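Architecture and fold: a report
Letter by letter, the chains look like this.
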Amino acid sequence: MAAVLQVEGLGKQYRIHHLERPQTLRASLQRFLRTPVARIHDAFRAPREDELIWALRDVSFELERGQVLGIVGRNGAGKSTLLKILSRITDPTEGYAEVRGTLSSLLEVGTGFHPELTGRDNVYLNGAILGMRRAEVTKKFASIVEFAGVEAFVDTPVKRYSSGMYMRLAFAVAAHLEPDILLVDEVLAVGDLEFQRRCLGKMREVTGEGRTVVFVSHNMAAIRSLCPRAILLDRGRLRADGPVEDVISAYLTTDVKADRSGAVPADVPRLGVGDVRVRHVELYGPDEEPLAHARLGQPLTVVIGLESKRRVLALLEVGISSLDGTRATTAFNTDDGQPAHMLEPGYTRVTVQLEPFLLPGHYALDLGVHHAGIGGVLDFVERIRDFEVLNLDDEGRDKYPLGRVRGYVRSPARWSEPEPADWDRPAVEARG
Amino acid sequence: MSTTLDTQVSPAEESRRLGYRIEPRRGRFFDLDLRELWDYRELLYFLTWRDLKVRYQQTLLGLSWAVIQPLVTMFVFTIIFNRVGNIQPEYHVPYPLFVTAGLLPWFYFTGALSKVAGSIVSNSGLVSKIYFPRLLIPIANAVVPVVDFLASFLLLVGMFLWYGRTPHWHAVVFPFFLGMALFTALGVGLWLAALNVRYRDVGYLVTFATQIWLFLTPIAYGSSIVPQRFKWLVSINPLTGVCDGFRWSVLGRGEPHYSVYGISWGVAILLTLTGLWYFRRTEREFADII
């Protein structure tokens, strides 16, 4: 079967210079007047190597009709750039992509919606923006409104919609475009759970009809359930392409610095002056077994091996980051008012007990050693170790029924028993 | 290729049949791609419709703004230029009627120019998220104020009635002058719209420049004030052709100033062509820097 999407050596280069350009006409004129010759020369000369960054480089893959492809990678890996090129918003610098059929993208959900216009008007407007004919929209109108569940509000300005209704209507229009290739970028991160389920359902329906889908998400559960195949982008390059499980495991271990035994090689990318080096990191569960998968509610123990060249008062940092590189939380050794650790020259071991506060998901540890007095960075290693918190309760069943829960950190909370309440009285009064 | 004329074929279906290739754009010096614009003509209609609808939903006085603005300006001009400054009208009509006939196309022009100039930036959401021919945005913004212009005709009709006069029959050629104003606004506006993506102070420039421009254009005064040997010079300002011509068409007896219209049209077309060229040349980086 012929490929509906063929991407060959695709690359996008940005000139950093662009970003530093004067942003007002005045600043530009001033610079121009001060050094006219240099400026003209500057505008036309070829950019220097260090002014150029490749947001995407040498990416090739093919997609056949009806395939669903997941794209994974951390923030800044080039996922959005790839989707932008495929949806023709921005031009590639090199390479090409052949698209055989229609392509539309859910990056654009709700774009072009105007708050002052009614739901009906916006459906027509958005349809036109996405490339639909008026007759086509008229034909699908009832079905769009029904899918969005806003039948009663079609003639209400969308500024009066809840954000959920707004998103549903926007998604409904895009979903009814029925393109041959659908690009989906993290739409599932918004909207309520019910809506997310409908989106996933709609996407399954869509793929069932032989449509091709390219799906970008940080949600591994969604990627796993929707995409048999995935590709991994890392700093603009294609690092893996294959069955989803292989690619996800490649993704999870990309850039993890420590080896199996917990040793951290000296040559991993680090920050800091180097008076102290993190040499070792191990992760233990409650039974002192080394672990890669933690159950929910299990305390974690991090054992850090440090090598110090001199005597130094150290502020130690344990960071926990999600897969996309977002820092979920940070613990310092001075958090509860304890003094910083005094490290003597030679090897030191520090053990950190982390309370069981993480929600299910994949995480990575970042370790930092800072100078407690002047605050300078002595050593910092990102993604030194990865681990997963499983969605399992003590009996081994799913803890969170939906298979996914948003956020990273469980909030310590105390819930009351349900009590009879009188709706007419404000809560404060009722309590008093 | 009879199928391309089928109005039921959407741009989406069009690309399905043909497929397309995404690659670095290079080469051709001037590539207007009229065919693609034509494919997206319905979007032009919807963008125009959206702007009109939103505009008159959100304003208190709606279309009557189109009448109030020139009406008030007419009063001010009459007092300052006619009563105080003793500037005399042409065409043997009262000064208020004379100045109004010049103000209507002027208001269209400034309205269109400022909308076109800000059009890409104010639609940055669309530009950075969806592919469609970017040219549609400035074009729609040049077309929307035409509705205001037509509404402001009411003022002119009212003033003819007030003075008990009738417009000249060759008022029917007014679209010729309106077109001149539209192309000028579009041409200058395309330059500014593209520059505005990078330099956000273009907006101030427009406000300031149109204030000066107003007095360089024969609106408060008639074009006969200008000495014959400088006629060509003022005609380079296409608004001279627009306002003088529009005035002649509704009030005029006597000979039209063909050479003025010719030069002004020429400049308007030249501005539009260079504007199109610059816009097409820079549009590919809009999404990257907006």
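Parameters at a glance
- Residues numbered from 1 in each chain as written.
- Chains lettered and ligands numbered in written order.
- Predicted model: local features only at pLDDT ≥ 70, side-chain atom pairs only at ≥ 80, totals over all residues.
- Helix = DSSP H or I, 4+ residues; strand = E, 2+ residues; numbered from the N terminus.
- Buried ≥ 20, exposed ≤ 12 C-beta atoms within 10 Å, placed from the backbone.
- Contact = placed C-beta atoms within 7 Å.
- Rg over C-alpha atoms; globule rule 2.2 N^0.38 Å.
- Pairing = 2+ DSSP bridges.
- Axes fitted to C-alpha atoms, helices over the stretch in contact; angles between N-to-C directions.
- Expected span 1.5 Å × (residues − 1).
- Bend = angle between axes of the 7 residues up to and from the residue.
- Core = buried A, V, L, I, M, F, W, Y, C linked by C-beta atoms within 7 Å.
- Parallel < 35°, antiparallel > 145°, perpendicular 65-115°, else oblique.
- Left-handed = near helix turned anticlockwise from the far one by under 90°.
- Nonpolar A, V, L, I, M, F, W, Y, C, P; charged D, E, K, R; others polar.
- pLDDT = per-residue confidence, 0-100.

1. A look at the overall build of chain A
Regarding its fold elements, chain A presents eleven helices and 18 strands. A burial count over chain A gives 37% of its 432 residues as buried. Nonlocal contacts in chain A, meaning residues at least 24 apart in sequence, comprise 72% of its contacts between residues at least 6 apart.

2. Remarks on the overall build of chain B
When helices and strands are tallied, chain B shows 14 helices and one strand. Relative to a compact globule of 290 residues, whose C-alpha radius of gyration would be 19 Å, chain B shows 21 Å and is just as compact. Buried positions account for 42% of the 290 residues belonging to chain B. Across chain B, every contact between residues at least 6 apart in sequence was considered, and the portion connecting residues at least 24 apart equals 82%.

3. Remarks on the interface of chain B and chain A
Often, the extent of an interface is quoted as the loss of accessible area upon association of its parts. The partner chain A presents 44 residues to the 36 residues of chain B that form the contact. Residue assignment for the side of chain B that touches chain A shows that the elements contributing at least two residues are helix 1 (11-18), strand 1 (20-22), helix 3 (41-58), helix 7 (124-129) and helix 14 (286-289) of chain B. Looking at which element gives the most residues to the side of chain B that touches chain A, the answer is helix 3 of chain B, with eight residues. Where strand 4 (residues 94-99) of chain A lies against strand 1 of chain B, three bridges are found, and the strand directions are antiparallel. Within the sheet, the bridge partner assigned to Ala 97 of chain A lies in strand 1 of chain B and is Ile 22 of chain B.

4. Digging into the sheet that holds strand 1 of chain B
With antiparallel pairing, the four strands of this open sheet are ordered in space as 2(A)-1(A)-4(A)-1(B). Two strands lie at the open edges of the sheet, namely strand 2 (52-64) of chain A together with strand 1 of chain B, each paired on one side alone. The average undirected angle you get between the axes of adjacent strands in this sheet is 20°. Of the strand pairs in this sheet, strand 1 (residues 3-15) of chain A and strand 4 of chain A are connected by five bridges, and their pairing is antiparallel. The residue of strand 4 of chain A that forms the bridge with Leu 5 of chain A is Val 99 of chain A. In the packing of helix 4 (residues 79-86) of chain A onto the sheet, contacts are made with strand 1, strand 2 and strand 4 of chain A together with strand 1 of chain B, and the angle to strand 2 of chain A comes to roughly 65°.

5. Re helix 4 (residues 65-84) of chain B
Residues and elements named next belong to chain B. The terminal C-alpha atoms of helix 4 lie 27 Å apart, and with 20 residues this matches the ideal 28 Å at 1.5 Å per residue to within 8%. Thr 78 marks where helix 4 bends most, by close to 30°. Along helix 4, the positions that sit buried rather than exposed are Ala 66, Pro 70, Met 74, Phe 77 and Thr 78. Considering only its buried residues, helix 4 is in contact with helix 5 (95-117) and helix 8 (136-162). One or two steps after helix 4, the chain reaches Asn 86, where phi turns positive at roughly 55°.

6. Describing the nonpolar core
Most often, soluble globular proteins have nonpolar side chains that are buried together. Ile 71, Phe 215, Ile 223 and Ala 230 of chain A together with Leu 136 and Ala 185 of chain B are the most contacted members of the largest nonpolar core, which has 145 residues in total. With near-sequence residues (within four places) excluded, Ala 230 of chain A lies in contact with Leu 69, Gly 70, Ile 71, Val 72, Ile 223, Val 244, Val 247 and Ile 248 of chain A.

7. Some points on the packing of helix 5 of chain B against helix 12 (residues 238-251) of chain B
All names here are of chain B. At a closest axis distance of 9 Å, the pairing of helix 5 and helix 12 adopts a crossing angle of 135°. In terms of axis orientation, helix 5 runs oblique to helix 12. Note that helix 5 runs across helix 12; the crossing there is right-handed. Along the contact surface, helix 5 presents Phe 98, Ala 101, Gly 102, Leu 104, Pro 105, Trp 106 and Phe 109, while helix 12 presents Leu 239, Val 242, Cys 243, Phe 246, Arg 247, Val 250 and Leu 251. Looking at the contact of helix 5 with helix 12 residue by residue, the class counts come to twelve nonpolar, one polar and one charged.

8. Topic: the pairing of strand 13 (residues 312-322) of chain A
Residues and elements named next belong to chain A. Pairing between strand 13 and strand 15 (residues 341-343): three bridges, direction antiparallel. Opposite Val 312, over in strand 15, you have Leu 343 as the bridge partner. Sheet topology places strand 13 next to strand 14 (residues 327-332); five bridges connect them, and they run antiparallel. Bridge pairing links Ile 320 to Thr 329 in strand 14. The loop that links strand 13 with its antiparallel partner strand 14 comprises four residues; one of these, Gly 325, has a positive phi angle of about 95°.

9. Quick word on the pairing of strand 18 (residues 377-390) of chain A
All names here are of chain A. Sheet topology note: the strand 11 (residues 293-295)/strand 18 ladder contains three bridges and is parallel. Bridge pairing links Ala 294 to Val 389 in strand 18. Here strand 17 (residues 361-371) hands over to strand 18 after five residues, with Gly 375 in that stretch at a positive phi of 80°.

10. Some words on the sheet that holds strand 9 (residues 237-243) of chain A
Residues and elements named next belong to chain A. Strand order in the open sheet made by the six strands is 5-6-7-3-8-9, with mixed pairing throughout. Only two strands of the sheet have a single partner each, and these edge strands are strand 5 (103-105) and strand 9. Strand after strand, the sheet turns through a mean of 20° between neighbouring axes, direction not considered. Here five bridges tie strand 6 (residues 181-185) to strand 7 (residues 212-216), and the two strands are oriented parallel to one another. Across the sheet, residue Val 184 finds its bridge partner in strand 7, namely Phe 215.

11. Quick notes on the confidence of the model for chain B
Residue and element names in this part refer to chain B. On average, residues of chain B carry a pLDDT of 87, and 92% of them reach 70 or more. Scored below 50 in pLDDT, residues 1-7 shows one contact in the model against residues more than four places distant or in partner chains. Quick note on the complex model: pTM equals 0.76, ipTM equals 0.80.

12. Focus: helix 13 (residues 258-282) of chain B
All names here are of chain B. Taking 1.5 Å per residue, 25 residues should reach 36 Å; helix 13 reaches 36 Å between its end C-alpha atoms and fits that length. Within helix 13, the full set of buried residues consists of Val 260, Tyr 261, Ile 263, Ser 264, Trp 265, Val 267, Ala 268, Leu 271, Gly 275, Phe 279 and Arg 280. Elements that come into contact with the buried residues of helix 13 comprise helix 9 (174-198), helix 11 (231-235) and helix 12.

13. Focus on unusual backbone geometry
Residues and elements named next belong to chain A. The backbone of Arg 88 sits at a positive phi, close to 65°, despite the residue not being glycine. With respect to the helices and strands, the residue Arg 88 is situated in the loop between helix 4 and strand 4. Of note, the phi angle at Arg 383 is positive, near 50°, even though the residue is not glycine. With respect to the helices, strands and loops of the structure, Arg 383 is situated in strand 18.

14. Side note on the packing of helix 9 of chain B against helix 12 of chain B
Residue and element names in this part refer to chain B. At their nearest, the axes of helix 9 and helix 12 sit 9 Å apart, and the two run at 160° to each other. Taken as axis vectors, helix 9 and helix 12 run roughly antiparallel relative to one another. Crossing angle aside, the handedness with which helix 9 passes helix 12 is left-handed. For the pair helix 9 and helix 12, contact is made by Phe 174, Phe 177, Met 180, Ala 181 and Thr 184 and by Pro 238, Leu 239, Gly 241, Val 242, Gly 245, Phe 246, Ser 249 and Val 250, respectively. The class makeup of the residues in the contact of helix 9 with helix 12 is nine nonpolar, four polar and no charged.

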